[in-house]
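Chain residues, written in single-letter form:
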Amino acid sequence: MKCLVINLDRSPDRLAHITAEFARIGVAFERIVAIDARDHPDLVLQPQHAMYAIRHLSGSEIACMHSHRACWSIIAQDDAPYGAIFEDDMVFSAKAGALLADARWIPADADAIKLETFFSKTMIQRKKTPVGHGFSVFRLRRSHMGTGGYVLSRQMARDLLEATAQTNAAADDLVFNPAFPTSGSKTIYQLVPALCAQDQFMDDRLPSLLSEERDAEWVASGLTVKRKKPIAEKIRTETRRIVEWIIDFCRLRQYRVIPLDPPAAEE
C-alpha cells in the first residue's frame, strides 16, 4: 500500500522525525510537499463551506486541506484500490509495518479507515472485525478529528476531490465528520487500537503548526465565550443527551477513547 507523507519544505526536523519512524517500522513512503500558507496569503479569500460562516478557517487550515488534496489526487489516479496518508508528526505502533505493508486486511466496503487516535472520546459500533496482529476495525459513528494518519479508497479520494473543487473545508471534517456529506454517506472505520498518534500527545517535541491560527479564529468567532444558559435550555440539552444515549445504546454503539498500540515492542 502506497504511503504518502505531507511535509513542509521549512520543516526538516519533522521530515527527519517521520523518516526515522518509517525506518523503524520498515516501510517506505513518498514525501508530498505541503502547501505553505505563508506563501499563499490569498487562501483565506477563497470560498469556504457554509459550516464555517462563524468560525472561519485559517490560512493554515486551508493550506492543510490543499496538501491533503494533493494526496487524494495521487490515490484517485493510482491503480491500487487504497492508499495511506500521514502527516509528518506521527508516532507509530511497533506493529504498524505489518498493516502498512499490505492492504489485504482492509474491509471490502471501507471508504476510509482512521488509523490514529486523538485520545478523546468518540463513538464506534460495538461490532468489531479483527484484521490481524491484534487490531480490529469498528464502524466510526461520530466525529473523530485529525487527519494525521488514515487509509482512503480510490473512489472516496475522487469524491473528496470533486467536493473540494470549488469550496474549502477542514480536511478532518471532510473525512471524519458525519455532518459532512463527503463522510456522512460513506463507510468509515476506526482501527482499534490505533496505529499512530501525533507526537504532541507523546513526547511533545513537534507542536502543532495549526493550533495557534486555529485558536485565534475560535476566539475571534466568539464561540469560546461562555454564556449562562437558561434553566429551560439546560433541561432540553440534558433531555436530548439522555435520549441520544438510549438510542445509541439500542443501536449497539459505544463512546470510547481509542487507545494507541505501544510504539515500543513488548519484551
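Residues numbered from 1 in each chain as written. Predicted model: local features only at pLDDT ≥ 70, side-chain atom pairs only at ≥ 80, totals over all residues. Heavy atoms only, no water.

Helix and strand counts for the protein come out as 8 helices and 11 strands. Counting across all 267 residues of the protein, residues that qualify as buried make up 46%. In the protein, the share of contacts with a sequence separation of at least 24, taken over all contacts with a separation of at least 6, comes to 81%. Accessible area for the protein stands at about 13,500 Å²; split by element, carbon and sulfur atoms hold 55% of it. (Helix = DSSP H or I, 4+ residues; strand = E, 2+ residues; numbered from the N terminus. Buried < 20%, exposed > 50% of the residue type's maximum accessible area, 1.4 Å probe, protein only. Contact = heavy atoms within 4.5 Å. Areas by Shrake-Rupley, 256 points an atom, 1.4 Å probe, with all protein chains shown as cover.)

Counting residues in hydrophobic clusters, the biggest one holds 39 residues, and the most contacted among them are W72, I85, L152, L174 and V175. Counting residues per element, the ones that place at least two in this core are strand 1 (2-7), helix 2 (59-77), strand 7 (135-140), strand 8 (149-153), helix 4 (154-163), helix 5 (171-176) and strand 9 (188-192). At 7 residues, helix 2 tops the list of elements feeding residues into this core. Other than its neighbours up to four places away in sequence, V175 contacts W72, A112, Y150, L152, M156, L160, S183 and I188. Counting 27 residues, the second-largest nonpolar core is a separate cluster that includes C3, L115, F135 and Y189. (Core = buried A, V, L, I, M, F, W, Y, C linked by side-chain atoms within 4.5 Å.)

With that settled, consider unusual backbone geometry. Cis geometry is adopted by the peptide bond preceding P193, which originates at V192 and carries an omega value of -10 degrees. Looking at the secondary structure, you find P193 in the loop between strand 9 and strand 10 (196-198). Here the phi dihedral of F119 falls at roughly 55 degrees; this positive angle occurs in a residue that is not glycine. In this fold, F119 is placed in the loop between strand 5 (112-114) and strand 6 (121-132).

This brings us to the environment of D39. Relative to the helices and strands, D39 resides in the loop between strand 2 (30-33) and helix 2. A residue is classified by how much of its surface remains accessible, and D39, at 57% relative accessible area, is exposed.

Right, let's get into the environment of E61. The topology assignment puts E61 in helix 2. Given the relative accessible area of 5%, E61 is considered buried. The sequence separation of E61 and N168 amounts to 107 residues, and the corresponding C-alpha distance is 9.4 Å. A polar contact of 3.0 Å, which involves the side chain of E61, links it to the backbone nitrogen of S58. (Polar contact = N/O pair within 3.5 Å; in protein donor to acceptor, adjacent residues only side chain to side chain.)

End to end, helix 1 (residues 12-25) covers 20 Å across 14 residues, agreeing with the expected 20 Å (1.5 Å per residue, within 8%). All of the buried residues in helix 1 are R14, H17, I18, E21, F22 and I25. The buried side chains of helix 1 occupy one side of the element, clustering within an arc of 130 degrees when seen end-on. Every exposed residue of helix 1 that faces more than 90 degrees away from the buried side is listed here: P12 and A23. Contacts from the buried residues of helix 1 go to strand 1, strand 3 (82-87), strand 4 (90-92) and helix 3 (96-100). One or two positions beyond helix 1, positive phi appears at G26, with a value near 75 degrees. (Expected span 1.5 Å × (residues − 1). Arc of directions from axis to C-beta.)

Relative to each other, helix 2 and helix 4 sit at 135 degrees, their axes nearing to 8 Å. One element, helix 2, and the other, helix 4, form an angle in the oblique class. Every pair of crossing elements has a handedness; the one defined by helix 2 and helix 4 is left-handed. Facing R69, W72, S73, I75 and A76 of helix 2, the residues of helix 4 in contact are R154, A157, R158, L160 and L161. (Axes fitted to C-alpha atoms, helices over the stretch in contact; angles between N-to-C directions. Parallel < 35°, antiparallel > 145°, perpendicular 65-115°, else oblique. Left-handed = near helix turned anticlockwise from the far one by under 90°.)

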